Amino acid sequence: MADHQPFPAGARRGERPAAVSACPSCGDLAGRGYPECRFCAELVDQAWLRDWQALLAAEQLSEGGSGERELAELVLDDDEIGRFSWTCTDWAMTLVRCSHCASEPATGPLDCVRCSMAEATRWSWDHSGTPHVITPEDHALRVARAVLRAPHRHRSVVASTWRLLIPFLLVGELATTGQVQRVRAHVLAGHYEELAACATHVQLTGLPELYWRRDESHRGDHQVRLDHPPPPRRAEDDQVPTEA
Ligand SMILES: [Zn+2]
Ligand SMILES: [Zn+2]
């Protein structure tokens, strides 16, 4: 196997879509039908697949060949974190099965310990890679794809918010944490269809702010809408999202 620079960048081959457009297959903004809509899936996955194909070529292996699965298992070896790009890690995960639940790793039932371990291993790349090799845009797109491949492993508001944002992430438009929180608040308020009808990132992230506070008398995500705005947000609330 050829030598690799540690933590090689991913998703740098080919061009990303220049502008958000409607998917000719599902009719939603392209990417939003991921992964069920084939067109949306190909659009989202192309950056991952290009890197994987380049790795296969470098290893003189062919797609679907007997060596591909062995390569995937090697890429997913815990000791190999950072040896391959994060896109190759993700793609390798689609080529093997969880030894415990037989799902794609990190997409099985929430109580599958091996899927949880695969999830944690995947994100260790982002925590160890520098911002230069995995940009906030890369990271957000990676999170969005991972969440949409396993929406049952996340709160529905989280999955819905990433579904709304992914067409814009594909063209490099990254929402701030404050904007993401605002979109989530609208999803929680039952405005998904209204949000989905927004044709631009500015429209989607520019809806009026809704004001919520966590209801301390309940556990979990129960929130109460406020009639009055909370105190002004702190500057750090406008940082880019770093987690699902
Ligand atoms: Zn589609
Ligand atoms: Zn599993």
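Residues numbered from 1 in each chain as written. Chains lettered and ligands numbered in written order. Predicted model: local features only at pLDDT ≥ 70, side-chain atom pairs only at ≥ 80, totals over all residues. Heavy atoms only, no water.

Colleague: Would you mind showing me how to read the nonpolar core here?
Modeller: Burial of nonpolar side chains together is a common tendency in soluble globular proteins. Ranked by size, the top nonpolar core spans 56 residues in total, and within it W52, W162, L169 and L204 carry the most contacts. Looking at this core, the elements that each hand over two or more residues are α1 (38-58), α2 (66-75), α3 (86-93), α4 (113-128), α5 (136-149), α6 (156-169), α7 (177-188) and α8 (192-196). Residues within four places of W52 in sequence aside, it is in contact with E68, L71, A72, V75, C88, W91, A92 and L95. (Core = buried A, V, L, I, M, F, W, Y, C linked by side-chain atoms within 4.5 Å. Buried < 20%, exposed > 50% of the residue type's maximum accessible area, 1.4 Å probe, protein only. Helix = DSSP H or I, 4+ residues; strand = E, 2+ residues; numbered from the N terminus. Contact = heavy atoms within 4.5 Å.)

Colleague: Is there a simple way to explain the pattern of salt bridges in this structure?
Modeller: Charged atoms that come close allow side chains of opposite charge to pair. In total, this model carries eleven salt bridges according to the counting rule given. Residues R69 and E73 are paired through a salt bridge, measuring 3.1 Å at the closest nitrogen-oxygen approach. You can see R69 and its partner E73 sitting in helix α2, four residues apart, about one turn around the helix. Its relative accessible area of 39% is what places E73 among the partly exposed residues. Among the salt bridges present, the one from R149 reaches E104, with a minimum N-O distance of 2.7 Å. A residue pair is termed long-range when its members are at least 10 positions apart, and R149 in helix α5 and E104 in the loop between α3 and α4 qualify at 45 residues. Classification of R149 as partly exposed rests on a relative accessible area of 21%. You can call E104 buried: its relative accessible area is 12%. The network of salt bridges with shared partners includes D90, R122, D126 and R142. (Salt bridge = Lys/Arg side-chain N within 4 Å of Asp/Glu carboxyl O.)

Colleague: How should the packing of aromatic side chains be read in this particular structure?
Modeller: Working definition: an aromatic ring pair is given by the centre-to-centre distance plus the angle between the planes. Going through the model one piece at a time under the given rule, you end up with two aromatic pairs. When the ring of F7 is compared with that of W125, the centres are 5.0 Å apart and the planes differ by 80°; the resulting orientation is edge-to-face. With F7 in the segment before α1 and W125 in helix α4, the pair connects residues that are 118 residues apart, well separated along the chain. Exposure remark for W125: the relative accessible area of 1% places this residue in the buried category. Between W48 and W86, the ring centres sit 5.5 Å apart and the planes meet at 85°, which makes this aromatic pair edge-to-face. Pair noted here: W48 is in helix α1 and W86 is in helix α3, with a separation of 38 residues, a long-range link. It is R145 that lies over the ring of W48; its NZ or CZ is 4.7 Å from the centre. (Phe/Tyr/Trp six-rings, centres within 6.5 Å; stacked < 30°, edge-to-face > 60°. Lys NZ or Arg CZ within 6 Å of the ring centre and 35° of its normal.)

So far we have only geometry, and geometry alone does not tell us how the molecule works.
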